[in-house]
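Residue-level structural notes
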Amino acid sequence: MENIFIAKPYFTGQIPSQCGHYHPDVIRIRNEKIGEVYIRVLDCVVCGEIEEQLDPNMLSEELVRELDLNGVSGTDENDLKERRKIELERILSDNDSRLD
Ligand SMILES: [Zn+2]
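1. Some points on the overall build of the chain
Secondary structure assignment for the chain yields two helices and four strands. Of the regular secondary structure in the chain, the N- to C-terminal order runs β-β-β-α-β-α. Contacts in the chain between residues far apart in sequence, at least 24 positions, make up 43% of those at least 6 positions apart.

Structure representation (structure tokens):
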């Protein structure tokens, strides 16, 4: 039988992603502009690839400009495993220092 992954926050008050899982289980792959719609593509360890629509008014001018120009902005999918590890260590060490 497979292990069932239980979604849990990594720190108190952490807000889950739209799929119900938490960063860095959910991590950004890239941002895209498809037609006139801005999209963030995320990777979840449980759900796989998920997309959420972005409000361009909430994005930095720099990112909007890059998406308008290139249609895509973001990091290499191959780095996901490493980025998850780094993010997790950062979150855990932040929480350690908060407890001191
Ligand atoms: Zn998920």
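2. Focus on the pairing of strand β3 (residues 48-54)
Relative to β3, strand β2 (residues 37-44) runs antiparallel, the two sharing seven bridges. Along β3, the bridge assignment pairs Ile 39 with Gln 53. In sequence, β2 turns back onto β3 through a hairpin of three residues.

3. Digging into the sheet that holds β3
Pairing within the open sheet is antiparallel, and its four strands lie in the order β3-β2-β1-β4. Of all strands in the sheet, those with a lone pairing partner are β3 and β4 (72-74), marking the two edges. Here the average twist between neighbouring strands, direction ignored, is 25°. The pairing of strand β1 (residues 26-34) with β2 spans eight bridges and is classified as antiparallel. Residue Asn 31 lies in a different strand from β2, and its bridge partner there is Arg 40. The sheet contacts of helix α1 (residues 61-70) involve β1, β2 and β4, and relative to β4 the element is tilted by about 130°.

4. Looking at α1
Residue pairs three or four apart in sequence face the same way in an α-helix, which turns once every 3.6 residues. Buried residues are scarce in α1, accounting for one of its 10 residues. Of the residues trailing α1, Gly 71 is marked for its positive phi of about 80°.

5. Re the environment of Val 37
Note on placement: Val 37 falls in strand β2. On the neighbour-count criterion, Val 37 (11 C-beta atoms within 10 Å) is exposed. Between the C-alpha atom of Val 37 and that of Leu 54, which follows or precedes it by 17 residues, the distance is 7.6 Å.

6. Here's the deal with unusual backbone geometry
The amide bond that connects His 23 to the next residue, Pro 24, takes the cis arrangement and shows omega of 5°. When you line up the elements, Pro 24 lands in the segment before β1.

7. Quick notes on the environment of Gly 20
Residue placement: Gly 20 occurs in the segment before β1. In the structure, Gly 20 is positioned 27 residues away from Cys 47 in sequence and 9.6 Å away in space, judged by C-alpha atoms.

Criteria and cut-off values
- Residues numbered from 1 in each chain as written.
- Predicted model: local features only at pLDDT ≥ 70, side-chain atom pairs only at ≥ 80, totals over all residues.
- Helix = DSSP H or I, 4+ residues; strand = E, 2+ residues; numbered from the N terminus.
- Contact = placed C-beta atoms within 7 Å.
- Pairing = 2+ DSSP bridges.
- Axes fitted to C-alpha atoms, helices over the stretch in contact; angles between N-to-C directions.
- Buried ≥ 20, exposed ≤ 12 C-beta atoms within 10 Å, placed from the backbone.

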